[in-house]
Amino acid sequence: MKEHARECNTEIQKHESVYVVSHIDADGLTSAGIICKALQRAGINYEMRFVKQLDDNIIEDIANINPQLAIFTDLGSGMLDSINANGINAIVSDHHQPRGEGKYHLNPHLFGANGSYQLSGSGTTYILANEIGQNKDLVDIAMVGAIGDMQHLKKGHLTGVNRLLLEEGVKNGHLSYEKDITLFGKQTRPVYKLLQFSSDPFLPGLSGDEDACIGFLHDMNIRFGGDERWRRWIDLESAEKQRIISGVMQHCIKSGLQPFKVERLIGEVYVLLNEREGTEMRDASEFSTLLNATARYDHAETGLAVCMGERGKAYEDAKKLLGEHRQNLVNGLKLVKENGITQLDHIQYFDAGNKIKETIVGIIAGMSITSAGRRDKPIIAFADSDDGVKVSARGTQDLIRKGLNLSQAMSDAAGSVNGAGGGHDIAAGATIPATGRNEFLNKLDEIIGSQFQKN
Ligand code: C5P
Ligand code: C5P
Ligand code: C5P
Ligand code: ZN
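What counts as what
Residues numbered from 1 in each chain as written. Chains lettered and ligands numbered in written order. Predicted model: local features only at pLDDT ≥ 70, side-chain atom pairs only at ≥ 80, totals over all residues. Heavy atoms only, no water. Helix = DSSP H or I, 4+ residues; strand = E, 2+ residues; numbered from the N terminus. Rg over C-alpha atoms; globule rule 2.2 N^0.38 Å. Buried < 20%, exposed > 50% of the residue type's maximum accessible area, 1.4 Å probe, protein only. Contact = heavy atoms within 4.5 Å. Areas by Shrake-Rupley, 256 points an atom, 1.4 Å probe, with all protein chains shown as cover. Lys, Arg positive; Asp, Glu negative; His and termini not counted. Charge placed at Lys NZ, Arg CZ, Asp CG, Glu CD. UniProt positions renumbered as here; feature names shortened; annotations may be inferred. Axes fitted to C-alpha atoms, helices over the stretch in contact; angles between N-to-C directions. Parallel < 35°, antiparallel > 145°, perpendicular 65-115°, else oblique. Nonpolar A, V, L, I, M, F, W, Y, C, P; charged D, E, K, R; others polar. Near = heavy atom within 4 Å. Polar contact = N/O pair within 3.5 Å; in protein donor to acceptor, adjacent residues only side chain to side chain. Donors = N, O, S within 2.8 Å, 3.2 Å for Na, K, Ca; no water. Tetrahedral: all angles 85-135°; square planar, octahedral: opposite > 155°, others 65-115°. Domains from an automatic or database assignment. Buried area = accessible area lost by both parts, 1.4 Å probe. Salt bridge = Lys/Arg side-chain N within 4 Å of Asp/Glu carboxyl O. Pairing = 2+ DSSP bridges.

## With respect to the overall build of the chain
- Along its length, the chain carries 18 helices and 13 strands.
- Taking 23 Å as the expected radius of gyration for a compact globule of 455 residues, we find that the chain reaches 22 Å, a close match to that expectation.
- By the burial criterion, 57% of the 455 residues in the chain qualify as buried.
- A sequence separation of at least 24 residues applies to 64% of the contacts in the chain between residues at least 6 apart.
- Entry remark: accessible area of the chain is about 19200 Å², with carbon and sulfur atoms responsible for 46%.
- If you average the places of the 49 positive and of the 60 negative side-chain charges in the chain, the two averages end up 5 Å apart.

Pasting the structure below:
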C-alpha cells in the first residue's frame, strides 16, 4: 500500500493546486484534515469540498470545474467508472468496497485488508499523507476516523492495519490505549450521565433515569453531592472506578442482561495524548461524535478546523452543535421506540419520514438495534431527502457470520428501483425514488434472505 501511495504522491507533487472532496462524517472529516494538513505542509494549494454522497451529478460538476487533480478521501471507490468516464484526473483514498478500477486508487481492499474494520478512510489517507511528507503526528486523528466508523467494534479493539498505525502512534507518544469502561463521555460528562445515556448496552433501571443513576452511585459510596455533582470519570480515583464497574456489572447480571452485553461495558479505549484532559478531543470516541455533530449538519468547515488543530471559535461552535446533535439522537431514539419497528421475514425497518434528518438516520438505526429492535435481523431506516428517500442499513457481526452483506444487498435492491447504494457489509446506505420504497423493501428482504440461505 505504501508503494502505491508513493506513486500517488508522485502525481500529487506535479501540481500546484488540488481539489479535495470528502465525506460528511467523522471519518470523512479526519481524512480531509489529514490530507489538507499534508498539502499545506508541502506548500500545495487546495480547495476543499464536502459531500453527503458521491453521485453522477456531483462528479459531472467536479469535471466541469476541471481541476488539475482531484483527491477523493473516504469516498470514490464505489464510483470509479463515473470518475473515469468524466475524465477527472483523480487520486482516490478510500476504504469502501471498490467497484471499477482507478489508476491512483488507494484502498485496503486492494491490498488484502478489509476496509470495513481493518483500515478507515482516515487511516488510508494517513498512509498517503506520510508519502507526501513527514506527517506521523496525524496518527491521532487517523484513529479518530476509525473509531467514528466503529471499526473497533468487530473485535472489541482496533485490529489489522489500524493496529499497526495505533502502535506506531503509541511509540511516538501521540496516543495511548487501555482497558476501561466503554460508556460515552468519560472526559466531559458528569459520571451519572454516562449511565443515564447508555444505550449500548441499555442498563436496566438506569438508562434514561437520572435520579436512579445518581442514587445508584450514592449507594456505592461514590461522593456525588453539591459541588461534586459534576465529577467526571477522569476525576475519579481508580478504586472508585473499579467499584462502579463491578457495581454496574453485578446490577446488569442481576437484572438478567445477557452476558455478551454486560461484557461490552469494558473494552479498549483510545486517548489522544496531545489534547488537553477534559476536552472531547482527548477521547477518540467523544472526538468522533463532536465531528459528526458538525459535518452532518452542514457545518463541515467547523469540524475540519478542529481536525486541523484550531481550538478557538471552531471548537466553541462545535460544542454548541454537539449539544443539538445529542438532543436529536435522544429524540430520534424515542421516536423509533414509540412508533415501533416493522418486522419482515429477513429484515426489520422503520420510516422516520421528515422527523429524523437523513444524515443521522443511520446513527439512530444502529443505536435502535440495541435499544428497540431485534438482533436476529438487520435494521433498515428510511428518511425523506431532497433527492427522494434516504435508506440506511445496519447489521451485526453475528449476522455477517451468517452471510449478510449489506453493501451488496443495498446496491442491488436500490439498483432495481433506479436508486443507488453501497457501503460496507455491516453498514450501508442508498438513495431511492420515493415511489420505489415498497418494491425496494420487498427486493431487499428477498436478497438478504438469499444471503442467509447461501451461507
Ligand atoms: O461512509 P462510512 O464508511 O463512514 O460509514 C460507516 C458507517 O458504518 C458509520 O456510520 C458507522 O457508524 C457504521 N458502522 C456501524 N457498525 C459497525 C461499523 C460501522 O454502524 N460495526
Ligand atoms: O450538557 P450536559 O448535560 O452534559 O451538561 C454538563 C455541563 O456541565 C456542561 O456544560 C459541562 O461543561 C459542565 N461540566 C462542568 N464541570 C465538569 C463536567 C461538566 O462544568 N467537571
Ligand atoms: O448514510 P449512512 O450512515 O447510512 O451510510 C452508511 C454507509 O453507506 C456509509 O459507508 C456510506 O458511505 C454508504 N452509502 C453509500 N451510498 C449511499 C448512501 C450511503 O455507499 N447512497
Ligand atoms: Zn469511512
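Having seen the model, we can carry on.
## A look at the UniProt feature "domain: DHHA1" (unreviewed entry) in the chain
- When the UniProt feature table is mapped onto this chain, "domain: DHHA1" (unreviewed entry) is found at residues 353–448.
- Counted over residues 353–448, helix gives 40% and strand 25%. Its end C-alpha atoms are 24 Å apart.

## A look at the packing of helix α2 (residues 26–41) against helix α5 (residues 121–132)
- For the pair α2 and α5, interaxial distance at closest approach is 8 Å and the crossing angle is 5 degrees. When the axes of α2 and α5 are compared, the pair comes out roughly parallel. Within the contact between the two elements, α2 uses D27, T30, S31, I34, I35 and A38 and α5 uses G121, S122, T125, Y126, L128, A129 and I132.
- Of the residues belonging to the contact of α2 with α5, the class tally is 7 nonpolar, 5 polar and 1 charged.

## Details of the site of ligand 1
- For ligand 1, the full set of nearby residues is H23, D25, H95, H96, G148, D149, M150, R296, R394, H424, I426 and A427.
- Taking H23, its side chain carries an N or O atom lying 3.4 Å from an oxygen atom of ligand 1.
- Within the side chain of D149, a nitrogen or oxygen atom sits 2.8 Å from an oxygen atom of ligand 1.
- A breakdown of the residues in the shell around ligand 1 according to their chemical character gives 3 nonpolar, 5 polar and 4 charged.

## Regarding the coordination of the zinc ion (ligand 4)
- Surrounding the zinc ion (ligand 4) are the protein donor atoms D27 (OD), D74 (OD), H95 (NE2) and D149 (OD), at 2.2 Å.
- Each of the 4 donor atoms around the zinc ion (ligand 4) contributes to a set of angles spanning 84 to 169 degrees, which defines the coordination as irregular.
- We note that the donor set of the zinc ion (ligand 4) lies within a single chain, spaced as D-x46-D-x20-H-x53-D. On the criterion of sequence distance, the pair formed by D27 in helix α2 and D74 in the loop between β3 (70–73) and α4 (80–85) is long-range, its members being 47 residues apart.
- A residue is classified by how much of its surface remains accessible, and D27, at 0% relative accessible area, is buried.

## Side note on the domain arrangement of the chain
- Each assigned domain of the chain is listed here: domain 1 (1–152 + 159–173), domain 2 (181–330) and domain 3 (340–454).
- Look at where the C-alpha atoms of domain 1 and domain 3 centre, and you get two points 26 Å apart.
- Interface of domain 1 and domain 3: buried area, both sides summed, is about 740 Å²; carbon and sulfur atoms make up 43% of it.
- If you look at where domain 1 meets domain 3, you find 1 salt bridge.
- Put simply, E358 and K52 hold a salt bridge, and the shortest N to O gap is 2.8 Å.
- Put simply, domain 1 and domain 3 have 4 residue pairs in polar contact (both at pLDDT 80 or more) between them.
- Taken together, the residues that form the side of domain 1 that touches domain 3 break down as 1 nonpolar, 5 polar and 3 charged.

## Comments concerning the sheet that holds strand β5 (residues 104–106)
- Taking strand neighbours across the sheet as the criterion, the 5 strands line up as β2-β1-β3-β4-β5 in an open arrangement whose pairing is parallel. For this open sheet the edge positions go to β2 (45–51) and β5, each flanked by a neighbour on one side alone. Sheet twist, expressed as the average angle between the axes of neighbouring strands with direction ignored, equals 15 degrees.
- Bridge count for strand β1 (residues 17–23) against β3 is 4 bridges, and the pairing is parallel. The residue of β3 that forms the bridge with V21 is F72.
- Along the sheet, helix α3 (residues 56–65) contacts β1, β2 and β3; its crossing angle with β2, the most-contacted strand, is approximately 160 degrees.

## Examining the packing of α2 against helix α12 (residues 284–295)
- For the pair α2 and α12, interaxial distance at closest approach is 8 Å and the crossing angle is 95 degrees. Put simply, α2 runs roughly perpendicular to α12. Seen from α2, the contacting residues are A26, L29 and T30; seen from α12, they are S288, L291, N292, T294 and A295.
- Across the contact of α2 with α12, the residue classes tally to 4 nonpolar, 4 polar and no charged.

## What to know about the sheet that holds strand β8 (residues 342–343)
- Strand order in the open sheet made by the 6 strands is β8-β9-β10-β11-β13-β12, with mixed pairing throughout. On the outer flanks of this sheet lie β8 and β12 (420–423), each paired with one strand and no other.
- In this structure, β12 lies alongside strand β13 (residues 427–432), joined through 4 bridges in antiparallel fashion. Looking at β13, one finds that G422 is bridged to G429.

## With respect to the environment of G303
- Within the element layout of this structure, G303 appears in helix α13 (residues 300–307).
- When the C-alpha atoms of G303 and K390 are compared, they prove to be 23 Å apart, with 87 residues separating the residues in sequence.
- What G303 contacts, discounting residues up to four positions off in sequence, is L29, L291 and T294.

## Looking at the UniProt feature "domain: DDH" (unreviewed entry) in the chain
- The UniProt feature table records "domain: DDH" (unreviewed entry) at residues 18–145.
- In residues 18–145, the share of helix is 40% and the share of strand is 19%. The end C-alpha atoms are 22 Å apart.

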